[in-house]
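# A look at the structure
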Amino acid sequence: MPGCVWLEGAGTGGQSPAHLSRIPISLISTSTDCANSTVKGKVVHKGPLVPLSANDFILKIVIEESDSSSNASSQNSSINVVLFGKLAKTFSQAVSQGDVVVASGFTVGKSPTVHKDKLHPCNLLLSGDDANIYVSRQPPPPDPRSSPATKRSTTNPTEVSMNPKTPKYTYIRLGHLKPGSVVNVFGVVVFFKQPFKSRGTDFCSSLKITDQSNQKISCTIFCEKLEDHPKIFQIGDIIRMHRMKTQFFNDSITLINTHGFSVVTFDGSVGRDVEPRTSSRSFHFDQDDRRTVEELRSWAASQALLPPVLTIPLSDVQPKAYFDLTCQLLAKAPIDTTCTLLRVWDGTKCPRTLLKVIVEPDVTEGPSSFSKKKENLIANVFVYDNHVEFARQLKPGAFLRIYNLRAIPGSNKAPGLTSSPSEEGDHLGFHLHGGTAFGRGIRVLPENSPDVQQLKRVIEAFSEDEETDIPELNDSEMYEVWCTPPESLDGETEKSSTERRCSHDIQPVTLSEVKQSEPGQVHHVRVQLRSYEPHRLHQALKLYCSKCTSMQDVPDDELVAGLFSEASKDSGPCSPPPWVLSGRVDVPGDSLGSLKRALHIHLSSQLISEGKTKELIYLMGSTLEETCQLADNYQNIIPVRSSGGHLTLLDLAAPFLFRGAKRYYGCKRCSEPALRELCAERVEVIDEKIVAEALGVQLLQFVLLMKLELQDATDTLEAFLCRDAVSFRSYLKSSSLWIK
DNA sequence: GCTTAGGGTTCG
């Protein structure tokens, strides 16, 4: 049965949904009798297939009530469906957006994303042997000539057509085109322009295609709606067009769309999924189409007819070059009526200094500033004239491909903007000039495209490595993190004796089973994340004492500054220990007329004799700000104060050690602080552990603590996720779970 | 109502 796929769970199953009763999506609730029900709907969104381990996957789709007779309220007629395991993979390969699916053997859960996506308050979960999902592809229009009408009035779109009289399209080779005919063609795209506004009523797409006959044919497509235009992402994509009219122009034959025109495009890379790209509600696609696409892919690969790679990352950009950039939009700001600034990145570092642009925060859409490290990766793209209108509709976060972008060195003059001084005049700015020559334009790439998937991996790798700028996770990212157990990742996860982890040989259990079981056991659960706290990750950062297992918040700067200020006021006579050498610097008072303050710096005579003069100092009388400034020059700074005529450490609520930008804290309960001389003779690097030990301080660890609310079909459960926060990467890669 | 464009680098 072409166009029909039965997919089943791992069990024998095979029960036809016809034996079950169908329930409308709007009537689904957690009390639905799942065992005897089916749900039918059209796939309106298909998420990426997320691998969990070798044979385990997760896939999220959204289906919509497609039965016009249903009086479902529009609010609840779309529902999230989550598939697990092998079923997710098989289904992902078989299904396309627009297909109608029938599911059975599901469970109903509460949708954790209801507030965000405004879809049905429940979701359907398909996992295990009982889960089945049946896919039926939309039948092609019965008659090409009546196509425009049937396309708009698909009165019974859920009817699974087995009609043997389904017309078979015939495709003509590009070398055999005759003027004055209407044809269906396949081709490899060798040139294209994104749709642009014509002087008439429509958008116009202009492209050139070729096939095994080696003819290159120019095509023009006029459509009023952008979504009806071909979704071409790059040269080499494969295109199928129905009802194109042949026409002579400039001594060659060209193709132009005519009534009933339809188009589908495909990725042109050999080996990739043959996934039709279309927003058409009804289109024909069968095994013959798949074969044609694959033949064209291999042929194109053997022809070297495609130009050298146009799409390059920022790390490979050469000044003055034109190139295509695949990137994520972070922020944008209008400059004037003919120019808009797009701030983008692709996670790679351009070897040239990038043009810095300072934009007023109130005109910026998206964040107006980023961490220094991220800022260094951000390319400022000026788009001009006809592209401004398109840029206006872009949303920060979107994944884009910008075609025929130009890297321009030394152009640090941006209209109406202040920019950083650039004596060297070598800062790279990026310009998308006006016009559409050479396919100049911008396209939003869908999240599931392989290029976006690749881009996301690079971006994520950057975010994981970045310790200073912990990104805020949104629901779906958190969901993915949650769905990625540590054992599915590479072997980088380090073993720790205090860490317990489950493995995939442990059968998943339901949350209600977990709640009923004895404490202290290890469980493997498959659940959804209902909510999590805190919402900003930096708020999840805590200080943890491994000795007394207490946990506390990281003191904020205001509090720490207060402790420094309070400590510096005690300026009574002080006799430093015999093993230090002391110096003093006078600094101006804080305000006019106030007294000068003295900064006391003590060095260990032992360390001086070892030649380690910059490695550790004891600092007295400084403000927090001054301490931070000095931390740029000294590897270790231990703040000290005078107390009862002796040199002592500050209150342990303040950091006992500054190492560069990092601050270290000690546990008040477990430390026995005393100022002792530090011996570093056999030590290569004086680090926080050595200092803590010498000072009798019990070092506190930075940890990330999150509270998660989990749910499955049986129950909900609060769980705490806790991990050493030395790097965010290790947090993501090896999280342990304690169940309350 | 039945056109629009018909590739080929920039003002910034």
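Residues numbered from 1 in each chain as written. Chains lettered and ligands numbered in written order. Predicted model: local features only at pLDDT ≥ 70, side-chain atom pairs only at ≥ 80, totals over all residues. Heavy atoms only, no water.

An unreviewed UniProt entry lists chain A under the name Protection of telomeres protein 1, with Anabas testudineus given as the organism.

It is worth spelling out the overall build of chain A at this point. Along chain A, the regular secondary structure elements total 14 helices and 37 strands. If you take every contact in chain A between residues at least 6 apart in sequence, the share linking residues at least 24 apart comes to 64%. (Helix = DSSP H or I, 4+ residues; strand = E, 2+ residues; numbered from the N terminus. Contact = heavy atoms within 4.5 Å.)

As a matter of local geometry, DNA strand B sits amid 27 residues, with Ser198, Asp385, Asn404, Arg406 and Arg440 nearest to it. Taking the atoms of DNA strand B that fall within 4 Å of the protein, sugar and phosphate contribute 32% of them. Interatomic distance of 3.3 Å between a side-chain N/O atom of Lys193 and a phosphate oxygen of DNA strand B. Residue Arg406 places a side-chain N or O atom 2.8 Å away from a base nitrogen belonging to DNA strand B. For the surface near DNA strand B, the elements supplying multiple residues, two or more each, are strand 13 (203-210), strand 14 (216-223), strand 15 (238-249), strand 16 (252-266) and strand 21 (399-409). Broken down by class, the residue content of the surface near DNA strand B amounts to 10 nonpolar, 10 polar and seven charged. (Near = heavy atom within 4 Å. Polar contact = N/O pair within 3.5 Å; in protein donor to acceptor, adjacent residues only side chain to side chain. Nonpolar A, V, L, I, M, F, W, Y, C, P; charged D, E, K, R; others polar.)

All right, on to the side chain of Lys612 then. With respect to the helices and strands, Lys612 occurs in the loop between helix 11 (605-609) and strand 30 (616-620). Note on Lys612: relative accessible area 13%, which makes it buried. Polar side-chain contacts of Lys612 include one of 3.4 Å to the side chain of Glu610. The contacts of Lys612, once residues within four sequence positions are left out, are Leu607, Ala680 and Val683. (Buried < 20%, exposed > 50% of the residue type's maximum accessible area, 1.4 Å probe, protein only.)

All right, on to the confidence of the model for chain A then. Of all residues in chain A, 79% have pLDDT values of 70 or greater, and the mean over the chain is 80. For the stretch residues 727-740, pLDDT sits under 50, and the model shows 49 contacts to residues farther than four places along the chain or on other chains. (pLDDT = per-residue confidence, 0-100.)

Moving on, we get to the pattern of salt bridges. Any two side chains of opposite charge can pair, so long as their charged atoms come close to each other. For the structure shown, the criterion picks out 22 salt bridges. With a closest N to O distance of 2.6 Å, Lys542 and Asp553 form a salt bridge. Here Asp553 lies in strand 27 (residues 551-553) and Lys542 lies in strand 26 (residues 541-544), a separation of 11 residues in the sequence. In this structure Lys542 comes out as buried when scored by relative accessible area, which is 17%. By relative accessible area, Asp553 is classed as exposed at 51%. Notably, a salt bridge pairs Glu688 with Arg659, separated by 3.6 Å at the nearest N-O pair. Note that Glu688 is positioned in helix 13 (residues 688-695) and Arg659 in strand 33 (residues 657-659), a separation of 29 residues in sequence. One network of salt bridges, with partners in common, ties together Lys168, Asp286, Asp288 and Arg291. (Salt bridge = Lys/Arg side-chain N within 4 Å of Asp/Glu carboxyl O.)

Moving on to the nonpolar core. Counting residues in each nonpolar core, the largest one holds 33 residues, and the members touching the most others are Ile209, Met241 and Leu255. At the level of secondary structure, the elements contributing two or more residues to this core comprise strand 11 (182-192), strand 13, strand 14, strand 15, strand 16, strand 21 and helix 7 (450-465). Filtering out sequence-adjacent residues up to four positions away, Met241 remains in contact with Val183, Asn184, Val185, Ile209, Cys219, Ile221, Phe261, Ser262 and Val263. Grouped together as the second largest cluster of nonpolar side chains are 27 residues, Ile25, Val43, Leu87 and Ala103 included. (Core = buried A, V, L, I, M, F, W, Y, C linked by side-chain atoms within 4.5 Å.)

Overall, the coordinates contain eight aromatic pairs when judged by the stated rule. Both rings, one in Trp579 and one in Tyr618, keep their centres 5.7 Å apart while their planes meet at 65°; by these two values the pair is edge-to-face. Of this pair, Trp579 sits in the loop between helix 10 (557-569) and strand 28 (580-587) while Tyr618 sits in strand 30, placing them 39 residues apart in sequence. Of the residues examined, Trp579 reaches a relative accessible area of 14% and is grouped as buried. Since its relative accessible area comes to 1%, Tyr618 is described here as buried. (Phe/Tyr/Trp six-rings, centres within 6.5 Å; stacked < 30°, edge-to-face > 60°.)

A word on the environment of Gln606. In this structure, Gln606 sits in helix 11. Distance from Gln606 to Cys679, taken between C-alpha atoms, is 7.3 Å for residues 73 residues apart in sequence. Non-local contacts of Gln606, meaning those with residues more than four positions away in its chain, are made with Glu677 and Leu678. At a separation of 2.7 Å, a polar atom in the side chain of Gln606 contacts the side chain of Glu610.

What follows deals with the environment of Tyr384. On the secondary structure map, Tyr384 appears in strand 20 (residues 379-384). Residue class for Tyr384 comes out buried when judged on its relative accessible area of 18%. Taking the C-alpha atoms as reference, Tyr384 lies 5.5 Å from His433; in sequence the two are 49 residues apart. When near neighbours in sequence (up to four residues on either side) are disregarded, Tyr384 contacts Thr338, Cys339, His431, Leu432, His433 and Gly434.

Although it is not a glycine, Asn250 adopts a positive phi angle of roughly 55°. With respect to the helices and strands, the residue Asn250 is situated in the loop between strand 15 and strand 16. The exposure class assigned to Asn250 is exposed, which follows from its relative accessible area of 63%. Its identity is not glycine, yet Asp385 carries a phi of approximately 50°, on the positive side.

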